[in-house]
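# Chains, contacts and geometry: an overview
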Amino acid sequence: ILLVGRIMKLTGPRFLIGFGLALSALSLYLMSGWSLMVGSREIVLLGLLQGASIGFINVPLTTNAFTTLDDDLRTEASGFYNLMRNIGSAAGISITSAILVHSAQVNHSYLSEFMTPFRHMNMPTDTAGLALMNANITQQAMMISYINVFMILAVLCLLIVPVVVFLHVPRLPPSGEPLAIGE
């Protein structure tokens, strides 16, 4: 995040936002390859990649939003910008959670169809064994659901990249002041 403001002076916000979206799509795609045996190293590395992609998206987007505003409008604009960001985040989290829960239920249903005594396998007959088998099916169904959500989000990030071309970049007169406000 610290270097993005300086890089933006050289490349402009469109490139950085597009790069951030592509980086986010890459990390989400890599997350869609996880299994139940994923290691903590991979989780941390892809988390760092996600964090870097957020920096490449948010810094130029916020700077572009506030660059042309007069000083007396920045307080209200900041409140409105954060309100819209929070509403968008809440809606995204809600939709993603709904997809996750629905996908888990569907996958649990599909996986449990195969667990019958007629499949020539040793089925548990006691309550504890059946509960353990159900827990394993639920765990596998949730993993499949997370993989599905990661892939959906990766595709959405890639679909947003062409929209960056339509981002209005204001032309400012050259001055010695930095574009980013506050440090």
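The structure this text deals with has already been given above.
What you see is a predicted model, and the numbers here were worked out from it, not measured in a lab.

## Quick look at the overall build of the protein chain
For the protein chain, the count of helices and strands is 5 helices and 0 strands. Counting from the amino terminus, the protein chain carries its helices and strands in the arrangement α-α-α-α-α. The C-alpha radius of gyration of the protein chain comes to 23 Å, more than 25% above the 16 Å expected for a compact globule of 183 residues. Seen through its principal axes, the protein chain has C-alpha atoms that stretch 80 × 30 × 30 Å.

## Let's talk about the packing of aromatic side chains
For the coordinates displayed, the defined rule picks out 5 aromatic pairs. Each ring, one from Tyr146 and one from Phe150, has its centre 6.2 Å from the other, and the planes form 40°; the classification is tilted. A residue pair is termed a helical-turn pair when its members lie 3 or 4 positions apart in one helix, as Tyr146 and Phe150 do in helix H5 (residues 127-160) at 4 residues. Given a relative accessible area of 37%, Tyr146 falls into the partly exposed group. Of the residues examined, Phe150 reaches a relative accessible area of 15% and is grouped as buried.

## As for helix H3 (residues 40-66)
Compared with an ideal rise of 1.5 Å per residue, which puts 27 residues at 39 Å, H3 spans 38 Å between its outermost C-alpha atoms and is within 8% of the ideal. Within H3, burial applies to Leu46, Gln50, Ser53, Gly55, Phe56, Ile57, Val59, Pro60, Thr63, Asn64 and Phe66. Buried residues along H3 sit in contact with helix H1 (4-11), helix H2 (13-31) and helix H4 (74-112).

## Remarks on the pattern of salt bridges
Here the idea is simple: oppositely charged side chains can pair when their charged atoms come close. As enumerated under the stated definition, the model contains 1 salt bridge in all. Where Arg74 meets Asp71, a salt bridge forms, and the shortest distance between an N and an O atom there is 2.8 Å. Classification of Arg74 by relative accessible area gives partly exposed; the value is 23%. We classify Asp71 as exposed; its relative accessible area is 61%.

## Points about the nonpolar core
Of all hydrophobic cores here, the largest spans 9 residues; its members are Ala25, Leu28, Met31, Trp34, Leu46, Met143, Phe150, Ala154 and Cys157. When residues of this core are traced back to their parent elements, those giving at least two are H2 and H5. Looking at which element gives the most residues to this core, the answer is H5, with 4 residues. Grouped together as the second largest cluster of nonpolar side chains are 6 residues, Met8, Leu16, Leu23 and Phe56 included.

The rules behind the values
- Residues numbered from 1 in each chain as written.
- Predicted model: local features only at pLDDT ≥ 70, side-chain atom pairs only at ≥ 80, totals over all residues.
- Heavy atoms only, no water.
- Helix = DSSP H or I, 4+ residues; strand = E, 2+ residues; numbered from the N terminus.
- Rg over C-alpha atoms; globule rule 2.2 N^0.38 Å.
- Phe/Tyr/Trp six-rings, centres within 6.5 Å; stacked < 30°, edge-to-face > 60°.
- Buried < 20%, exposed > 50% of the residue type's maximum accessible area, 1.4 Å probe, protein only.
- Expected span 1.5 Å × (residues − 1).
- Contact = heavy atoms within 4.5 Å.
- Salt bridge = Lys/Arg side-chain N within 4 Å of Asp/Glu carboxyl O.
- Core = buried A, V, L, I, M, F, W, Y, C linked by side-chain atoms within 4.5 Å.

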